[in-house]
Amino acid sequence: MIPWVILYNAMSLDGRITGFNADVELYYELATELDVDAVLMGSNTVLTGFGVKAGETVEEAEDAFKPRKKDAADDRPLLVVPDSRGKIRIWSELLKMPYIKDVLVLCSRSTPSEYLDFLDERYIDYLVVGYQRVDLEAALDELNTNFGVKKLRVDSGGILNGALLREGLADEVHLLIHPELVGGTTPNSIFQAPDLEENDVPIKLYLDNMEKVKGDIIYLKYKVFNEKLK
Ligand SMILES: NC(=O)c1ccc[n+]([C@@H]2O[C@H](COP(=O)([O-])OP(=O)(O)OC[C@H]3O[C@@H](n4cnc5c(N)ncnc54)[C@H](OP(=O)(O)O)[C@@H]3O)[C@@H](O)[C@H]2O)c1
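Bear in mind the structure is a predicted one, so any value in this text is a computation, not a measurement.

Peer 1: Looking at this structure, I do not really get the site of the ligand. What am I missing?
Peer 2: Within the structure, the ligand sits among 26 residues, and Ala10, Thr45, Pro82, Ser84 and Arg133 are positioned closest to it. One nitrogen or oxygen atom from the side chain of Ser43 is found 2.8 Å from an oxygen atom belonging to the ligand. Taking Pro82, its main chain carries an N or O atom lying 2.8 Å from an oxygen atom of the ligand. Contact with the protein chains covers 85% of the free accessible surface of the ligand, which is 940 Å².

Next up, the structure:
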């Protein structure tokens with residue numbers, strides 16, 4: 001069994017997820033209401049959010065190299081980040097985020113062993129799932145079985161969303177539509193994946209809820225017609 005997966009994004013009216021003035025406070029307020037067990041955050045999203053480059057390090061306190069106390073009663077979500085290439089070296093900064101209880105890194109067999117050592121030295125938990133990239137379905141299955149994750153929110157850009165959508169792993173798509181138009185040819189959208197082949201069909205969804213939440217911002221909740229058994 002894999003957890004219930006909600007893709008959650010703020011976007012402009014023309015479907016861009018960057019380059020507009022997102023209402024960040026509203027984004028996190030509504031995110032909290034989803035009451036999930038884990039947040040899956042793309043590695044690029046982490047790097048952008050913290051304003052660092054792949055592999056960049058920060059000064060670490062002595063505590064970063066000691067085991068952390070874990071409280072079984074802590075009901076904040078677990079932060080899960082696929083990082084098969086070892087791009088993120090700022091785990092001590094991520095652990096300061098008040099809305100997560102701990103972090104878990106998803107690696108693959110191709111992840112450099114030097115990076116696994118880097119994580120071990122800092123008592124950062126990781127799973128090795130998949131060969132070249134993280135096997136997302138296997139990772140979700142393990143999250144459910146061994147970490148009690150029943151519901152998960154995806155906080156990522158179009159790349160991780162795209163991988164999850166193309167693998168049929170997403171159950172809901174939640175969008176906070178902001179009344180701005182960005183335009184351009186490079187901005188990311190909520191779904192970045194290879195072009196459809198001739199006989200492929202788009203993913204079908206149905207509208208579950210629609211609400212004007214603040215000013216002219218609309219919150220759309222769609223469910224994916226999904227063949228995966230959950
Ligand atoms: N407006 C919003 O709601 C919102 C929300 C979040 C982020 N953003 C923006 O989105 C941008 C970042 O998004 P992004 O699309 O560039 O990257 P991303 O989705 O954050 O990161 C890509 C992630 O997908 C994983 N991945 C890619 N292909 C995969 C595959 N086939 N199998 C398994 N895992 C795979 C990568 O893992 P590896 O590292 O292992 O390759 C990585 O963790 C930033 O600018 C951020 O600000 C906007």
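Peer 1: When you look at the pattern of salt bridges in this model, what are you seeing that I'm missing?
Peer 2: Proximity of charged atoms lets side chains of opposite charge pair with each other. One pass over the full model with this rule turns up 14 salt bridges. Of the charged contacts, one joins Asp23 and Lys214 as a salt bridge, the two residues approaching to 2.8 Å between their closest N and O atoms. In this pair, Asp23 is assigned in the loop between strand 1 (4-12) and helix 1 (24-33) and Lys214 in strand 8 (residues 205-214), connecting sequence segments 191 residues apart. When the shortest N-O distance is used, the salt bridge between Asp74 and Arg76 registers 2.7 Å. For Asp74, a relative accessible area of 17% translates into the label buried.

Peer 1: What is the right way to look at the nonpolar core in this model?
Peer 2: Nonpolar side chains in soluble globular proteins tend to end up buried together. Formed by 34 residues in total, the largest nonpolar core has its most connected members in Leu79, Ile88, Trp91, Leu94 and Leu176. Two domains each donate at least three residues to this core, and these are domain 1 (1-37 + 150-230) and domain 2 (38-148). Leaving out residues up to four positions away in the same chain, Leu176 has contacts with Tyr8, Asn9, Ala10, Met11, Leu26, Tyr27, Leu30, Val213, Ile217, Ile218 and Tyr219.

Peer 1: Could you clarify how one ought to interpret the domain arrangement of the chain in this entry?
Peer 2: The figure often quoted for interface size is the accessible area lost as the parts come together. Per the domain assignment, the segments of the chain are domain 1 (1-37 + 150-230) and domain 2 (38-148). Centre-to-centre, using C-alpha coordinates, domain 1 lies 22 Å away from domain 2. Between domain 1 and domain 2, roughly 1,800 Å² of surface is buried when both sides are summed, and carbon and sulfur atoms account for 58% of that area. Between domain 1 and domain 2 we count zero salt bridges in total.

Peer 1: Looking at this model, I keep getting lost on a negative patch on the surface. Mind explaining?
Peer 2: Taken together, Glu25, Glu29, Glu33 and Glu211 make up a surface patch of like negative charges. With three residues, helix 1 is the single largest residue contributor to the negative patch. With respect to the helices and strands, the residue Glu211 is situated in strand 8. Residue Glu211 is classed as partly exposed on the basis of its relative accessible area, which comes to 40%.

Peer 1: Explanation requested: the packing of aromatic side chains in the structure shown.
Peer 2: For any two aromatic rings, the description comes down to two numbers: the centre-to-centre distance and the angle of the planes. All told, the structure shown has six aromatic pairs when counted by the stated rule. A ring pair is formed by Tyr115 and Phe118, whose centres lie 5.9 Å apart and whose planes are at 15°; its orientation type is stacked. Of this pair, Tyr115 and Phe118 are both found in helix 4 (residues 113-121), three residues apart, which corresponds to roughly one turn of the helix. Since its relative accessible area comes to 0%, Tyr115 is described here as buried. Residue classification places Phe118 among the buried residues on the basis of a relative accessible area of 9%. The interplanar angle of 50° and the centroid separation of 4.9 Å between the aromatic rings of Tyr206 and Phe225 together place this pair among those described as tilted.

Basis of the calculations
- Residues numbered from 1 in each chain as written.
- Predicted model: local features only at pLDDT ≥ 70, side-chain atom pairs only at ≥ 80, totals over all residues.
- Heavy atoms only, no water.
- Near = heavy atom within 4 Å.
- Polar contact = N/O pair within 3.5 Å; in protein donor to acceptor, adjacent residues only side chain to side chain.
- Areas by Shrake-Rupley, 256 points an atom, 1.4 Å probe, with all protein chains shown as cover.
- Salt bridge = Lys/Arg side-chain N within 4 Å of Asp/Glu carboxyl O.
- Helix = DSSP H or I, 4+ residues; strand = E, 2+ residues; numbered from the N terminus.
- Buried < 20%, exposed > 50% of the residue type's maximum accessible area, 1.4 Å probe, protein only.
- Core = buried A, V, L, I, M, F, W, Y, C linked by side-chain atoms within 4.5 Å.
- Domains from an automatic or database assignment.
- Contact = heavy atoms within 4.5 Å.
- Buried area = accessible area lost by both parts, 1.4 Å probe.
- Patch = residues over 30% accessible without salt bridge, like charges linked within 9 Å, V, L, I, M, F, W, Y side chains within 5 Å.
- Lys, Arg positive; Asp, Glu negative; His and termini not counted.
- Charge placed at Lys NZ, Arg CZ, Asp CG, Glu CD.
- Phe/Tyr/Trp six-rings, centres within 6.5 Å; stacked < 30°, edge-to-face > 60°.

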